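# Architecture at a glance
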Amino acid sequence: MVASFVYAAVRTPFGRFGGALADVRPDDLAAIAVSGVLAKTPSLDPALISDVIWGNANGAGEDNRNVGRMAVLLAGLPTSVPATTVNRLCGSSLDAAIIGSRAVETGDADIVLTGGVESMTRAPWVLPKPSRAFPAGHVTAVSTTLGWRLVNDRMPKEWTVSLGEANEQLAERFAIPRERQDEFAARSHNLADDAWNSGFYDELVVPVVVDGEVRLARDEGIRSGSTPQKLAGLKPSFRPDGVITAGNASPLNDGASAVLIGSEDAASHIGHAPLARIAGRGVSALEPQMFGFAPVEAAERALSRAGISWSDVSAVELNEAFAVQSLACVDAWKIDPAIVNTKGGAIAIGHPLGASGGRILGTLAARLRASGERWGVAAICIGVGQALAVVLESAA
């Protein structure tokens, strides 16, 4: 079977909800990521891209009508380059990379551009259509920013609790105290700040420029000098006596990511050697309210398919939807927490749903490249009880 490789990865800086990217459309953010990753491979003729597979979780506003295809057109690629958009909620862009890698490995494609985008700021309110025209009563607009909306009454109530309540339940189940969560969150902010200051993200992040003006060049939500003591002063967000706060959960964000995937032979067209081989993939699912714990099994399946174990792994990128679910996964894997998210995680950097999978995959490839270590795992939890994971083997 043909192997698939990561050749290049970039992302935009992630903006805060209502922040610097609030007036930038998601299809424009996606186009910036597409142009940014192709700028890393100037020898590549874009017409040789077999397909573009793009992730997006909401798709209810300006990201409708196949935002992947919109990104291709807005970025100025040849109209002959096709594109599709996939939705696996928070895992959408990692799913896009997985789908792209399979296309390469089966011989259906030689070069695939993958990625994802989300503008949670610009996610619209929606109104359900009435069954009959001109209803006499009031109609409620529903936010599409995050979480359940327009829930089917047939769904069991325990499945449709809020994401925050689901993670309060996770904290109870695994006895993970507020102090550990705040420590983990502070670490995320400080490692992200250190990584930016050291130049790690200089090659991974392309600034958002609109009409010649730089709107954002660095992740907007990182709080340098964060401490557990500062975070301890925040009030619980979901239960009066709860453990989850705005400080130990990922925020709402805007941003895009892109990952270029190809066969080994594609190097001659791309113009440089690959960064890493996609060695294993895993998907898992369990009860919807347990979504935060789903990466445990997804990663185990990816490792099994790669033919390695946790003892071989030197780097882990785990999307930090909540500190508690991240800690639950790390505890279950019985790995050294020091290898997890060494360049910061989503609590600090942000979690624009459709873009986060591409972010962690690109960061993992860059970490392996910089350290010279061989094996790494990227994993992400997904609302409604799912998770994805990918194992990378450094090509260095």
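Above: the structure in question.
My aim in this report is to walk through the structure given alongside it, one point at a time. In this text, all values refer to a predicted model and were calculated from it rather than measured experimentally.

## Comments concerning the overall build of the protein chain
Counting secondary structure elements, the protein chain contains eleven helices and 14 strands. Taken over C-alpha atoms, the radius of gyration comes to 20 Å for the protein chain, in line with the 21 Å a tight globule of 396 residues would show. On the principal axes, the C-alpha backbone points of the protein chain span a range of 60 × 55 × 40 Å. A burial count over the protein chain gives 56% of its 396 residues as buried. By sequence separation, contacts in the protein chain at least 24 residues apart represent 79% of the contacts at least 6 residues apart. If you average the places of the 34 positive and of the 42 negative side-chain charges in the protein chain, the two averages end up 4 Å apart.

## Re the pairing of strand β12 (residues 313–318)
The side chains of a regular strand alternate between both faces of the sheet. The buried fraction of β12 is high, at five of six residues. As paired strands, β12 and strand β13 (residues 375–382) are joined by five bridges and run parallel to one another. Bridge assignment links Val316 to a residue of β13, and that residue is Val377.

## Thoughts on the pairing of strand β10 (residues 253–262)
Counting buried residues in β10 gives ten out of ten residues, a clear majority hidden from the surface. The alternating pattern of β10 places Asn253, Gly255, Ser257, Val259 and Ile261 and Asp254, Ala256, Ala258, Leu260 and Gly262 on opposite faces, both of which are buried. The pairing of strand β1 (residues 5–11) with β10 spans six bridges and is classified as antiparallel. Paired with Val6 across the strands is Ile261, a residue of β10. Here strand β5 (residues 111–119) runs beside β10; their pairing, made up of nine bridges, is antiparallel. Pairing of Glu118 across the sheet is with Gly255, part of β10.

## Examining the side chain of His351
Looking at the element boundaries, His351 is found in the loop between α10 (346–349) and α11 (356–371). Within polar-contact distance, the side chain of His351 engages the side chain of Ser356 at 2.6 Å. What His351 contacts, discounting residues up to four positions off in sequence, is Cys90, Met120, Ser250, Pro251, Asn253, Asn319, Ala346 and Ser356.

## Some words on the side chain of Arg367
Tracing the sequence through the fold places Arg367 in helix α11. Here the side chain of Arg367 touches Val316 through a polar contact of 2.8 Å, landing on its backbone oxygen. In this structure the side chain of Arg367 is engaged in a polar contact, spanning 2.8 Å, whose partner is the backbone oxygen of Ile339. Not counting chain neighbours up to four residues away, the residues in contact with Arg367 comprise Phe200, Ser314, Ala315, Val316, Glu317, Ile339, Val340, Asn341, Thr342 and Lys343.

## Examining the nonpolar core
As a rule of thumb, soluble globular proteins bury nonpolar side chains together. Counting residues in each nonpolar core, the largest one holds 48 residues, and the members touching the most others are Trp310, Val313, Val316, Leu318, Trp333 and Val391. Of all elements in the fold, only α4 (163–174), α5 (178–198), α8 (295–306), β12, α9 (323–333), β13 and β14 (386–394) reach the threshold of two or more residues within this core. For this core, the element with the most residues is α9, which contributes seven residues. Grouped together as the second largest cluster of nonpolar side chains are 42 residues, Tyr201, Ile278, Ala378 and Leu388 included.

## Points about the pattern of salt bridges
Taken as a whole and assessed by the stated rule, the structure comprises 19 salt bridges. A salt bridge links Arg215 to Asp23; the shortest N-O distance between them is 2.7 Å. With Arg215 in strand β9 (residues 213–216) and Asp23 in the loop between β2 (15–16) and α1 (26–39), this pair connects stretches of sequence that are 192 residues apart. Classification of Arg215 as partly exposed rests on a relative accessible area of 22%. A relative accessible area of 49% places Asp23 in the partly exposed class. Glu105 is paired through a salt bridge with Arg281; the nearest N and O atoms lie 3.0 Å apart. Within this pair, whereas Glu105 is found in helix α3 (residues 92–105), its partner Arg281 is found in strand β11 (residues 276–285), the two being separated by 176 residues in sequence. Both residues of the pair, Glu105 and Arg281, belong to the buried class. Look at the salt bridges and you will find they share partners, linking Arg25, Asp27, Glu62 and Arg122 into a network.

## Quick notes on a nonpolar patch on the surface
On the surface, Val151, Met155 and Trp159 cluster together into a nonpolar patch covering about 220 Å² of accessible area. When you line up the elements, Val151 lands in the loop between β7 (142–143) and α4. You can call Val151 partly exposed: its relative accessible area is 34%.

So, how was this worked out
- Residues numbered from 1 in each chain as written.
- Predicted model: local features only at pLDDT ≥ 70, side-chain atom pairs only at ≥ 80, totals over all residues.
- Heavy atoms only, no water.
- Helix = DSSP H or I, 4+ residues; strand = E, 2+ residues; numbered from the N terminus.
- Rg over C-alpha atoms; globule rule 2.2 N^0.38 Å.
- Buried < 20%, exposed > 50% of the residue type's maximum accessible area, 1.4 Å probe, protein only.
- Contact = heavy atoms within 4.5 Å.
- Lys, Arg positive; Asp, Glu negative; His and termini not counted.
- Charge placed at Lys NZ, Arg CZ, Asp CG, Glu CD.
- Pairing = 2+ DSSP bridges.
- Polar contact = N/O pair within 3.5 Å; in protein donor to acceptor, adjacent residues only side chain to side chain.
- Core = buried A, V, L, I, M, F, W, Y, C linked by side-chain atoms within 4.5 Å.
- Salt bridge = Lys/Arg side-chain N within 4 Å of Asp/Glu carboxyl O.
- Patch = residues over 30% accessible without salt bridge, like charges linked within 9 Å, V, L, I, M, F, W, Y side chains within 5 Å.
- Areas by Shrake-Rupley, 256 points an atom, 1.4 Å probe, with all protein chains shown as cover.

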